[in-house]
Amino acid sequence: MSSQTTKIITVFGATGHQGASVIASLLRNPAFAVRGTTRNVSSEGAQALTAKGVQLFTVDAVNPDADQLEAALKGAWGVFLNLSSHDPSIEENEYAAGKAMIDAIQGAGVEHIVYSSLPPSSLLTSGEVPMATFDEKYKLQQYISNSCNFATASFIQAAWYFDNFKYADFSGGFPFVPGADGVYTLRYPSCGPNLPLVAIENDFGDWVHGILLEPEAWNGKVVQGSSAIMSYQEMVERFETYTGKKARVDEISVAEFETFGLSWMEEIAKMFTFFQKTAGRYYGVENDLGNAKKLKAAVAEKVGGKATLTTWEEWLAENWEDKEKQ
Ligand SMILES: NC(=O)c1ccc[n+]([C@@H]2O[C@H](COP(=O)([O-])OP(=O)(O)OC[C@H]3O[C@@H](n4cnc5c(N)ncnc54)[C@H](OP(=O)(O)O)[C@@H]3O)[C@@H](O)[C@H]2O)c1
């Protein structure tokens, strides 16, 4: 749609983990002009984006201001759309809110959409593990595929964020807080043989950027959004090697996993059951880093930067602190 030399990309959910990563990556490429949406342009996250030259628009996906939404999309060539399932405003409304956003995006003549989806947990477990977050996102993926006519539509399904470990209370303290015996203990229910993990800040944005470099090549594809694939045992062993600290796995049952009465934590508890029922095939097929590697390298080739996926050790180098030394 844009007649300008730069291609305008509007990022929905600009202040979130995913959106901020997408924006940070796109800003490295002068071929793109980046816009973002937020409900609050005065928030710290929003102001940080404004300071980087991102034009922000006030859009609440549940109750959008029509003029702001129109302005956010006017002349846009591409869109990245993410909806935050666990925000109370979205929790009960994801499909309706998402469909309204998709219709507005299509109505504005946007050619290329990259939609942040998730695998269909009900379908993959024959109805045994329905998870609203997963099923609603997948339903929206289907809506885009079957009922819309974007020039290209691509889908990315984020793996388990490495950043989830920052909520160390939920993982037995691992990898930030040692137990009373001094051992860093990863206390989670089983996730099957392997857990796909993503360094959301470093890698996710490059994958979306890579798709937008060559949208026709990625049209209709579902990209596995994983930086690494590891078993719990491998994770603790590599943690021990990296930090020199003792660590171990203490696999608990899903029933033993503490959800603190939080609905989003209950969803996470279900996710372990989902992993167990699918033997770790989170995406419904074998976990595979091939496309993630390709997209990361394509962006580095175009605009420079790191060409390889973030490793567990690299994430630890950026995030882990030796609390005993403080
Ligand atoms: N954690 C994981 O391991 C994991 C793995 C795979 C997928 N996911 C999925 O990732 C999604 C969350 O993405 P994230 O991590 O980027 O989110 P996040 O960091 O929690 O941030 C939430 C984003 O959503 C925006 N938002 C919330 N309610 C909104 C509304 N009503 N209208 C418009 N924008 C709204 C917020 O914008 P403002 O506050 O600025 O308005 C913010 O940008 C969830 O659906 C989750 O299921 C998570």
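You'll find the structure just up there.
Below is a summary of the structure that appears in this document. (Residues numbered from 1 in each chain as written. Predicted model: local features only at pLDDT ≥ 70, side-chain atom pairs only at ≥ 80, totals over all residues.)

## Focus: unusual backbone geometry
Cis geometry is adopted by the peptide bond preceding proline 175, which originates at phenylalanine 174 and carries an omega value of 0°. Tracing the sequence through the fold places proline 175 in the loop between strand S7 (160-161) and strand S8 (184-186). Residues other than glycine seldom take positive phi values, yet phenylalanine 260 does so here, at roughly 55°. You can call phenylalanine 260 exposed: it has 8 C-beta atoms within 10 Å. (Helix = DSSP H or I, 4+ residues; strand = E, 2+ residues; numbered from the N terminus. Buried ≥ 20, exposed ≤ 12 C-beta atoms within 10 Å, placed from the backbone.)

## Side note on the site of the ligand
Within the structure, the ligand sits among 28 residues, and Gly16, Thr38, Arg39, Ser84 and Ser85 are positioned closest to it. Considering each element in turn, the shell around the ligand owes the most residues, three residues, to helix H1 (residues 17-26). Considered class by class, the residues forming the shell around the ligand number nine nonpolar, 16 polar and three charged. (Near = placed C-beta within 6 Å. Nonpolar A, V, L, I, M, F, W, Y, C, P; charged D, E, K, R; others polar.)

## A closer look at the sheet that holds strand S5 (residues 112-117)
A sheet is described by the order of its strands in space; here seven strands give the open sequence S3-S2-S1-S4-S5-S6-S10, paired in parallel fashion. The open sheet has two edge strands with one neighbour each: strand S3 (55-58) and strand S10 (222-225). Adjacent strand axes in the sheet meet at a mean angle of 20°, parallel and antiparallel pairs treated alike. Pairing between strand S2 (residues 32-38) and S3: four bridges, direction parallel. Paired with arginine 35 across the strands is glutamine 55, a residue of S3. (Pairing = 2+ DSSP bridges. Axes fitted to C-alpha atoms, helices over the stretch in contact; angles between N-to-C directions.)

## Brief notes about the nonpolar core
Judged by nonpolar contacts, the single largest core of 85 residues is most densely connected at Ile9, Ile23, Val79, Phe80, Ile113 and Val208. A per-element tally of this core places helix H8 (residues 200-213) first, with six residues. Non-local contacts of isoleucine 113, meaning those with residues more than four positions away in its chain, are made with Val79, Leu81, Ile105, Ile144, Phe150 and Ala153. (Core = buried A, V, L, I, M, F, W, Y, C linked by C-beta atoms within 7 Å. Contact = placed C-beta atoms within 7 Å.)

## Digging into helix H7 (residues 132-147)
In this model, H7 (16 residues) spans 21 Å end to end at C-alpha, consistent with the 22 Å of a helix rising 1.5 Å per residue. Buried residues along H7 sit in contact with helix H5 (94-107), S5, helix H6 (121-124), strand S6 (152-158) and helix H11 (263-277). (Expected span 1.5 Å × (residues − 1).)

## Observations regarding the sheet that holds strand S9 (residues 195-198)
Across the sheet, three strands lie side by side as S7-S9-S11; this open sheet has mixed pairing. Only two strands of the sheet have a single partner each, and these edge strands are S7 and strand S11 (228-230). As paired elements, S7 and S9 share two bridges and run parallel to each other. Residue pairing in the sheet places tryptophan 160 in a bridge with leucine 197 of S9.

## Focus on the packing of H5 against H7
Interaxial distance between H5 and H7 falls to 9 Å at its minimum, and their mutual angle equals 30°. Overall, the two elements H5 and H7 adopt an arrangement that is roughly parallel. Two packed elements cross with a definite hand, and for H5 against H7 that hand is right-handed. Of the residues in H7, those in contact with Glu94, Tyr95, Gly98, Lys99 and Ile102 of H5 are Glu136, Lys139, Leu140, Tyr143 and Ile144. (Parallel < 35°, antiparallel > 145°, perpendicular 65-115°, else oblique. Left-handed = near helix turned anticlockwise from the far one by under 90°.)

## Observations concerning the packing of helix H10 (residues 232-243) against helix H13 (residues 312-319)
At their nearest, the axes of H10 and H13 sit 10 Å apart, and the two run at 55° to each other. Considered as vectors, H10 and H13 are oriented oblique to each other. Pair H10 / H13 crosses with right-handed handedness. Between H10, through Met235, Arg238, Phe239 and Tyr242, and H13, the contact on the second element is made entirely by Trp312, Glu313 and Leu316. By residue class, the composition of the contact of H10 with H13 is five nonpolar, no polar and two charged.

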